[in-house]
Amino acid sequence: MTGKRRDSGLVKAMPLLLPAYAWLTLAIFLPLSAMVYFSLLTSMSPSGQSATLTLGNYATFFSDPLYATLLVRSLELGLIVTLVCVLIGFPAAYVLAKIFKGRAREAIFLLVILPFWSNSLVRVFSWSMVLREGGILDTALNAILPFKVTFDLMYSYPAVIIGLVHSYLPYMVLTCYLSLQAIDDALIEAARSLGASRFTTLRRVIAPLALPGVLAGSALIFIPVVGSFMEPRILGGHGGTLYGTVIEDQFTAVYNWPLGAALSFILLAVVLVILLVSAPVLRKAA
Amino acid sequence: MIRAPAFLSGLGRFYIGLVLVFLYLPLVIMAAMSFNVSPFYQLPFEWTTEWYVALSDNDGLIAATLNSLEIAVMTTIIATILGTAASLALFRYDFAGKRVLQALLFPPIAIPWLISGTAMLIFFFGTGVGRGLHAILLGHVALALPYVIIVVSARLATFSKDLEDAAYSLGASAWQTTRKVTLPCIAPGIVAGGLFAFAVSFDQFVVSYFLATPGQTTLPVEIYAAIRKGFTPEINAVSTIIIVFSMSLMFVVSRFFRFGGDQ
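Residues numbered from 1 in each chain as written. Chains lettered and ligands numbered in written order. Predicted model: local features only at pLDDT ≥ 70, side-chain atom pairs only at ≥ 80, totals over all residues.

S.K.: Looking at this model, I keep getting lost on the overall build of chain A. Mind explaining?
M.R.: Summing up its helical and strand segments, chain A has 12 helices and zero strands in all. The C-alpha radius of gyration computed for chain A amounts to 24 Å, which surpasses the reference 19 Å derived for 286 residues by more than 25%, pointing to a less compact arrangement than a globule. If you line up chain A on its principal axes, its C-alpha atoms span 80 × 75 × 35 Å. Each of the 286 residues in chain A was classed as buried or not, and the buried ones make up 42%. The contacts in chain A between residues at least 6 apart in sequence include a share of 69% that link residues at least 24 apart. (Helix = DSSP H or I, 4+ residues; strand = E, 2+ residues; numbered from the N terminus. Rg over C-alpha atoms; globule rule 2.2 N^0.38 Å. Buried ≥ 20, exposed ≤ 12 C-beta atoms within 10 Å, placed from the backbone. Contact = placed C-beta atoms within 7 Å.)

S.K.: Would you mind showing me how to read the overall build of chain B here?
M.R.: When helices and strands are counted, chain B shows 12 helices and zero strands. The order of helices and strands in chain B, counted from the N terminus, is α-α-α-α-α-α-α-α-α-α-α-α. Overall, chain B is about 75 × 65 × 30 Å in size when its C-alpha atoms are taken along their principal axes. Counting the 263 residues in chain B, one finds 45% classified as buried.

S.K.: Just to check I follow, could you spell out the interface of chain A and chain B for this structure?
M.R.: When the parts of a complex come together, some accessible area is lost, and that lost area is often taken as the interface size. Contacts between the two partners involve 75 residues from chain A, matched on the other side by 73 residues from chain B. In terms of residue count, the dominant contributor to the side of chain A that touches chain B is helix α1 (residues 2-38) of chain A (21 residues). Taken together, the residues that form the side of chain A that touches chain B break down as 55 nonpolar, 14 polar and six charged. (Nonpolar A, V, L, I, M, F, W, Y, C, P; charged D, E, K, R; others polar.)

S.K.: How should I be thinking about the confidence of the model for chain B in this particular structure?
M.R.: Fine structural detail should not be taken from predicted coordinates in areas where pLDDT scores are low. Per-residue confidence for chain B averages 87 on the pLDDT scale, and 95% of its residues sit at or above 70. Two numbers describe this predicted complex: its pTM, 0.88, and its ipTM, 0.87. (pLDDT = per-residue confidence, 0-100.)

S.K.: Got a minute to help me understand the nonpolar core in this structure?
M.R.: As a rule of thumb, soluble globular proteins bury nonpolar side chains together. Membership of the largest hydrophobic core comes to 156 residues, with the highest contact counts inside it found for Ala-93 and Tyr-177 of chain A together with Leu-145, Val-148 and Phe-196 of chain B. Excluding its chain neighbours within four sequence positions, the residues that come into contact with Phe-196 of chain B are Tyr-147, Val-148, Val-151 and Val-253 of chain B. (Core = buried A, V, L, I, M, F, W, Y, C linked by C-beta atoms within 7 Å.)

S.K.: Can you help me understand the confidence of the model for chain A in this one?
M.R.: Scored by pLDDT, chain A comes out at a mean of 85, with 93% of its residues at no less than 70. By mean pLDDT, helix α6 (residues 136-144) of chain A is the weakest element of chain A at 77, and helix α3 (residues 65-98) of chain A is the strongest at 94.

S.K.: Sorry, what's going on with the packing of α3 of chain A against helix α11 (residues 243-252) of chain A here?
M.R.: To describe two helices that pack against each other, one gives the angle between their axes and the distance between the axes. All names here are of chain A. Relative to each other, α3 and α11 sit at 125 degrees, their axes nearing to 7 Å. Classed by the angle they form, the pair α3 and α11 counts as oblique. Of the residues in α11, those touching α3 at Leu-70, Leu-71, Arg-73 and Ser-74 are Tyr-243, Gly-244 and Val-246. Of the residues contributing to the contact of α3 with α11, the split by class is four nonpolar, two polar and one charged. (Axes fitted to C-alpha atoms, helices over the stretch in contact; angles between N-to-C directions. Parallel < 35°, antiparallel > 145°, perpendicular 65-115°, else oblique.)

S.K.: For this particular structure, what's the right way to read the UniProt feature "transmembrane region" (unreviewed entry) in chain B?
M.R.: Residue and element names in this part refer to chain B. Here, the residues flagged by UniProt with the feature "transmembrane region" (unreviewed entry) are residues 12-35, 71-91, 103-126, 132-152, 181-202 and 237-257. Taken end to end, residues 103-126 comprises 83% helix and 0% strand; its first and last C-alpha atoms sit 28 Å apart. Secondary structure across residues 132-152 divides into 95% helix and 0% strand, with the first and last C-alpha atoms of the span separated by 30 Å. (UniProt positions renumbered as here; feature names shortened; annotations may be inferred.)

Structural data, given as structure tokens:
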């Protein structure tokens, strides 16, 4: 009986669902499958004619230490950026959720989230005017300090970190805010009235309850940062070679698509493994 | 109600101020430099609008802007219609595999765009779809669909099925019920979903970058090419325009849909 109703549900739902899911299949799922297949081809030509199947592209990843080194570098960058976002974003979300009230809170929340919906490329580019020699920070520092300093962070690793933190910070504030807002003030009050210090309350009551938000934000930041290539290209200069930029090169400069596909797939696999490993922690926290 | 000591809450306010400065300062400086005479961003500041005038003569950027707008509008229309239909089906009917379908909405959002973009490039090239504006549109709709479905579904969650049942029992057809009862009730969600779709498409760079061809390109792709060739105040000018444009757009969205607030 129930089974029958469920079947007829699918029949009725089909016409409404089919267009959306057909589109997703055509533009996301089939391309991802094609990428896996492509990563197993020998041919250097994108048309794939007279190509044979091989594991050679994956062998390249494991035989040339350059790729593993860059992947580790990208994972490291993902960790650093995520950590900085937690350190800056969590306190900001806390102040927003627990100190500000009413309209002021709504307005500031909107201000924090707004940049996120503006062009990320442009926001990264805007840092080049702040960080370069003769830029705003350089000029300001020299105006204040009695001695001459040369401030030029442009085309450096710190510049890439700053640009990425700027791009992804709103995610962290958003997710932390949502979980902090859900914490009943009475719980905090109870902890305090039972003699817990502010720090103990934060550590034993607030932090565990806010953990799901922190973890969700971390996943939302870590994944795209590991695959970033535009930010390191604009702000990182020669030092900005990362796993993502090498993948980009395979498609736009070297035209070794099968190798690019293999490198992309390895990145996807590594990200999935990290998510799966952290899934129990995530579930426990949620 | 816990009251933090005044100095702590003052410190908190100061801190939020610092975070906002961090988020907005580079954008303000970029906007200021688009009105500065020196093409090398030299100070002192001297007011000019010459870069905006130069912009109006830059045929490449104008063509790319029109492409971006056209693709964003088409993405909005297609993603809103397909996404709303899918949300209605997921809301109304119960069937085996529903959870799987809902879970399938996350890969387009969660997979790094670098991977989605290169995968689309490979697939479209291999199947003869090719690159160009049509390929970019195919990709943008797929990226925007999950956002529309999530936003519209959130709105549907606050909608009572009883209203639909009442309409049916009064003799309304399925189509009449949808058009006269359901859609008006969830209209704010549909509008917000549509504006999200517009923003996703208009700001999208990575996927467009891999699918663009020299003649058929979008504004962010053109800007990236210009930045890599060398900075120019014209880029500041066009960047300032699109930042103001997208921020105003999202400000409007926030009127329709509180970000996470009550959902």
